[in-house]
Amino acid sequence: MSNSGLATLRDYIRWAMSQFKQTQLFFEPDGDGLFEEARTLVLGSLHLPYELHDKYLDCNLHADEHAIVQNILTKRIEQRIPAAYLLGEAWFAGLPFKVDERVMIPRSPLAQLIPQHFAPWLMKTPLRILDLCTGSGCLGIACAIEFDDAEVMLVDFSEDALQVAKENIALHQLEQRVFTHRSDMFADLRAQRFDLIVCKPPYLQADAWSQLPREFQHEPQESSHAGNDGLEFIQQILQQSSQHLTDKGLLVIEVGEHQQRLTEVYPDTDFIWLEHSHNDTAVLALTAQQCEALNNM
Ligand SMILES: C[S@@+](CC[C@H](N)C(=O)[O-])C[C@H]1O[C@@H](n2cnc3c(N)ncnc32)[C@H](O)[C@@H]1O
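Please read these numbers as outputs of a predicted model, since none were measured by experiment.

**Q** Talk me through the pairing of strand E2 (residues 95-98); I want residue IDs and the actual numbers.
**A** Side chains Leu-95 and Phe-97 of E2 all project onto a buried face; the interleaved residues Pro-96 and Lys-98 project onto a face where none is buried. Inspection of the sheet shows strand E1 (residues 89-92) paired to E2 by four bridges, in the antiparallel sense. Bridged to Glu-89 within E2 is Lys-98. Taking the residues that link successive antiparallel strands as the turn, the E1-E2 hairpin has two residues, and the phi of Ala-93 there is positive, at about 50 degrees.

This is the structure we're talking about:
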């Protein structure tokens, strides 16, 4: 991979785009692909803002800066490390989050749904929110910022993930009302109840991991694996949520490609499928009463 003759930021961005295209990298589906990835990495590696004015793109790089940019682009291309891990930062719902290989990179249609407050299904402004399977804490922290009187609990089984979530609580200065708690799903939450439960659980089928682009192999496996059919955790959450929702509470859960299968498994449950722009990633909502009914089936 020769990159001699590159002088400016603009040169590196253009060169990176060619390399990324040639090597068929995988890009986060929310982004603008080649250009966004190249600009994010070249500018981000030098601690420059993504929105940097174009006039600076023609500045020559210092010798040390050449090495930094080349190093990060090489890691992206040869090791397929995702940009978010290389830079230690991902954006979700318009907010920055610290990320590293201890947590999944935030990507969820809930980024569109949280600012809409799950209207019209959320009947009351939530005062207690649970983000189950929190990872970086992105869902719960985005909720805490939208519902600014709410206390939010971020729950994960992974102590490593909770450390990252704590860093994000501090980043957003939410220590007064956002807390972490280690639990195997609901097991250690005892009788606690919440007005809103948001959740992106692991939901990949056992054999799906190896089919994913190489970039995903850098994410923690326990973030994705969910038994032979991918429904292990989803079903557990659907069956246990009624014990943890208040009367007017709402469960919102991302279920990926399992929409059809869930309607087959629970033919008597009228799932609310929330609308958003990610076609292949379904999100369902259930009221406390619907969870109760499902629990009694
Ligand atoms: C799909 S990731 C979602 C992370 C985050 N909510 C997001 O949207 O980026 C699933 C998370 O569930 C956690 N997890 C896996 N098994 C768990 C369990 N039994 N109890 C609680 N959390 C679990 C993983 O550690 C991981 O952080």
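So, next bit.
**Q** Could you give an account of the packing of aromatic side chains, with specific residues and numbers?
**A** Inspection of the entire model under this criterion finds four aromatic pairs. Judged by centre distance (5.1 Å) and plane angle (55 degrees), the rings of Phe-26 and Phe-216 are tilted. Here the residue Phe-26 occupies a position in the loop between helix H1 (9-23) and helix H2 (34-45), and Phe-216 occupies one in the loop between strand E6 (194-199) and helix H8 (232-240), the gap between them amounting to 190 residues. You can call Phe-26 partly exposed: its relative accessible area is 24%. Classification of Phe-216 by relative accessible area gives buried; the value is 13%. With a centroid separation of 5.6 Å and an interplanar angle of 55 degrees, the aromatic rings of Phe-271 and Trp-273 are classed as tilted. Take Trp-273: its relative accessible area is 24%, and that puts it in the partly exposed class. Three or more aromatic residues joined by ring pairs form one cluster here, namely Tyr-266, Phe-271 and Trp-273. We note Arg-39 situated over the ring of Tyr-50; from NZ or CZ to the ring centre the distance is 5.3 Å.

**Q** Please set out the side chain of Asp-156 residue by residue, giving values where relevant.
**A** Residue placement: Asp-156 occurs in strand E4 (residues 151-156). Although buried, Asp-156 forms no salt bridge, and the nearest oppositely charged side chain, Arg-182, lies 7.4 Å from it. For Asp-156, the side chain forms a polar contact with the main-chain nitrogen of Thr-134, separated by 3.4 Å. Discounting chain neighbours no more than four positions away, the residues touching Asp-156 are Cys-133, Thr-134, Gly-135, Ala-161, Leu-162, His-181, Arg-182 and Ser-183.

**Q** Provide a residue-level description of the sheet that holds E6, including the pertinent values.
**A** One open sheet accounts for seven strands, arranged E5-E4-E3-E6-E7-E9-E8; its pairing is mixed. Because the sheet does not close on itself, it has two edges, and the strands there are strand E5 (178-182) and strand E8 (272-273).

**Q** Give me the domain arrangement of the protein chain: which residues, what numbers.
**A** Each domain of the protein chain was delimited in the assignment, giving domain 1 (9-79) and domain 2 (102-295). On a C-alpha basis, the centres of domain 1 and domain 2 stand 33 Å from each other. With seven residues of domain 1 at the interface, the matching set in domain 2 holds eight residues. Our enumeration of links across domain 1 and domain 2 arrives at one salt bridge. The salt bridge partner of Glu-215 is Arg-76, with a shortest N-O separation of 2.9 Å. In this structure, the connection of domain 1 to domain 2 is made through four residue pairs in polar contact (both at pLDDT 80 or more). In terms of residue class, the side of domain 1 that touches domain 2 is made up of two nonpolar, one polar and four charged.

**Q** Please give an account of unusual backbone geometry that cites residues and values.
**A** Residues Ala-119 and Pro-120 are joined by a peptide bond in cis, for which omega reads 0 degrees. Tracing the backbone shows Pro-120 in the loop between helix H5 (110-113) and strand E3 (128-132). Positive phi, close to 60 degrees, is recorded for His-47, a residue that is not glycine. For His-47, the position within the fold is in the loop between H2 and helix H3 (63-78). One non-glycine residue, Ala-93, lies in the positive phi region at around 50 degrees. By the secondary structure assignment, Ala-93 is in the loop between E1 and E2.

**Q** Which residues make up the site of the ligand, and what values go with them?
**A** Every one of the 18 residues lining the ligand counts as a neighbour, but Cys-133, Asp-156, Asp-184, Met-185 and Ser-223 are closest to it. A distance of 2.7 Å is found between an oxygen atom of the ligand and a side-chain nitrogen or oxygen belonging to Asp-156. Phe-157 places a polar main-chain atom, nitrogen or oxygen, 3.2 Å from a nitrogen atom of the ligand. In isolation the ligand offers 600 Å² of accessible surface; the protein chains occlude 96% of this area. Residues of the shell around the ligand, tallied by class, amount to nine nonpolar, five polar and four charged.

What counts and how
Residues numbered from 1 in each chain as written. Predicted model: local features only at pLDDT ≥ 70, side-chain atom pairs only at ≥ 80, totals over all residues. Heavy atoms only, no water. Buried < 20%, exposed > 50% of the residue type's maximum accessible area, 1.4 Å probe, protein only. Helix = DSSP H or I, 4+ residues; strand = E, 2+ residues; numbered from the N terminus. Pairing = 2+ DSSP bridges. Phe/Tyr/Trp six-rings, centres within 6.5 Å; stacked < 30°, edge-to-face > 60°. Lys NZ or Arg CZ within 6 Å of the ring centre and 35° of its normal. Lys, Arg positive; Asp, Glu negative; His and termini not counted. Salt bridge = Lys/Arg side-chain N within 4 Å of Asp/Glu carboxyl O. Polar contact = N/O pair within 3.5 Å; in protein donor to acceptor, adjacent residues only side chain to side chain. Contact = heavy atoms within 4.5 Å. Domains from an automatic or database assignment. Nonpolar A, V, L, I, M, F, W, Y, C, P; charged D, E, K, R; others polar. Near = heavy atom within 4 Å. Areas by Shrake-Rupley, 256 points an atom, 1.4 Å probe, with all protein chains shown as cover.

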